[in-house]
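# Observations on the model geometry
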Amino acid sequence: MGSHEMCLFVHVFLFLVYAFASDQYSQAQRARAPSFMFRSLYSFGDSFVDPGNNGYIPTFARSNSPPYGNDFPERIATGRFSNGLLFPDFLAYYMGVETYQLPYLGPDIDFQDSVTAISFASATSGFDPNTANKTNAIQMWVQLDYFKKYKARLQKKMGKKKANNQIKQALFYVNAGSDDFAFTYFQDGAGGQTRQSPREYEQFLLPFIQQFLQGLLDQGAEKIAVNGLPPLGCIPIGITLLPKNPTKSQVDISPRKRKCLDYVNDISKDFNALLREALEELQSQSPNTKITYIDFEKSLLRIIQNPFDYGFTEVSKGCCGTGLYEIGILCNQTTPVCADASKYVFWDAAHPTERAYEIIFNSNVAAIDGIIGS
């Protein structure tokens, strides 16, 4: 890979990896499960979960300007890496929260509200501490520290007993890991800084994941949902920039013959299997908690492999710009967008559209019901 392609790789791949509403949740107008209503939601992770925290820190990993938010209420670019809602926004509505999730660093958190959705996530963060350092994102342990501070303020405002009960009943949602592979494994590997095999790097990540989840348990979490990796080999920018053959280093920005990269998808599949085993082990050690796995891999693959069944016409590039590499600052006010985002699986070159997130959420409702139904 030449210096020009490497520069493009480093800067562009940094961000990997409602349709209009009659009210705040037009696309989420589904029946809420009546016995599961009115639980708070706390989310942690990367750009799949961040509703705008990165807009309050010194990083260029941001999406708080148009055309992001193109289908959000009032077309506001909140900092979500999508045209509208994210998976946890649909999850919050389903659980009874009356508004979409709020960024912890934002100005709108109400500590008097006993039912809320707050995200501590930061785009381009990951379980590997080196991942967040590349873009000055909020490391996972810092996100956990922010929650500790939030808990202390909640106890002060609501009283310790009431605050602790809210936390006990809340769902903690974690979605990270994609950027660990995008920035640290693939990028450093391309630069010759690591010779780890995918399995070695996966094994390296697992202790960080376990430590983070134990940190949530130590803070009183009793219901934790952990997201697996998406099929990383189907992410548009990965198709664009990663070699079609893992033994070669050339990139191909041609829009023709854009197919998922099986060897990259195999990494997602292998990591997710290890993650599920780790969650099962942690569950066995924590009998008073519920810990469940949320599947992005299979649900997103079903959409990509059978797009017409879901009303999609484009699965291998994003709606913003060419859809091949535009993410974050490269998807901006001067960038053209597709005419109908609901026909696209991806909004930019790494992140799903609101419509795709809604379908992924619906495919995981049974797992969600299982964890919040008690």
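Residues numbered from 1 in each chain as written. Predicted model: local features only at pLDDT ≥ 70, side-chain atom pairs only at ≥ 80, totals over all residues. Heavy atoms only, no water.

### Focus: a nonpolar patch on the surface
Taken together, the side chains of Phe60, Tyr325, Ile329 and Leu330 present a nonpolar region at the surface, about 340 Å² in accessible area. The topology assignment puts Tyr325 in the loop between strand 7 (314–318) and strand 8 (344–346). What makes Tyr325 partly exposed here is its relative accessible area of 31%. (Patch = residues over 30% accessible without salt bridge, like charges linked within 9 Å, V, L, I, M, F, W, Y side chains within 5 Å. Areas by Shrake-Rupley, 256 points an atom, 1.4 Å probe, with all protein chains shown as cover. Salt bridge = Lys/Arg side-chain N within 4 Å of Asp/Glu carboxyl O. Helix = DSSP H or I, 4+ residues; strand = E, 2+ residues; numbered from the N terminus. Buried < 20%, exposed > 50% of the residue type's maximum accessible area, 1.4 Å probe, protein only.)

### Details of the packing of helix 10 (residues 297–305) against helix 11 (residues 354–363)
For the pair helix 10 and helix 11, the least separation of the axes is 9 Å and the interaxial angle reads 130°. Taken together, the axis directions place helix 10 and helix 11 in an arrangement best described as oblique. Viewed along their axes, helix 10 and helix 11 form a crossing whose handedness is right-handed. Each of Ser299, Leu300, Arg302 and Ile303 in helix 10 lies in contact with helix 11, whose residues at this interface are Ala356, Ile359, Ile360 and Ser363. (Axes fitted to C-alpha atoms, helices over the stretch in contact; angles between N-to-C directions. Parallel < 35°, antiparallel > 145°, perpendicular 65-115°, else oblique. Left-handed = near helix turned anticlockwise from the far one by under 90°. Contact = heavy atoms within 4.5 Å.)

### Section: the side chain of Ser43
Mapped onto the elements of the fold, Ser43 is located in strand 1 (residues 41–45). Residue Ser43 is classed as buried on the basis of its relative accessible area of 0%. At 2.9 Å, the side chain of Ser43 forms a polar contact with the side chain of Gln101. Here the side chain of Ser43 touches Ser119 through a polar contact of 3.1 Å, side chain to side chain. Those residues in contact with Ser43 that sit more than four places away from it in its chain are Val49, Gln101, Ile118, Ser119, Phe120, Ala121 and Tyr173. (Polar contact = N/O pair within 3.5 Å; in protein donor to acceptor, adjacent residues only side chain to side chain.)

### Thoughts on the sheet that holds strand 1
On the basis of which strands lie adjacent, the open sheet formed by six strands has the order 2-3-1-4-5-6 and parallel pairing. If you trace the sheet from one side to the other, it starts and ends with strand 2 (102–103) and strand 6 (290–294), each paired once. Sheet topology note: the strand 5 (residues 223–227)/strand 6 ladder contains five bridges and is parallel. Each residue of the ladder has a partner; that of Ile224, found in strand 6, is Ile291. Running over the sheet, helix 4 (residues 140–158) touches strand 1, strand 3 (117–119) and strand 4 (171–175) and is turned about 155° from strand 1. (Pairing = 2+ DSSP bridges.)

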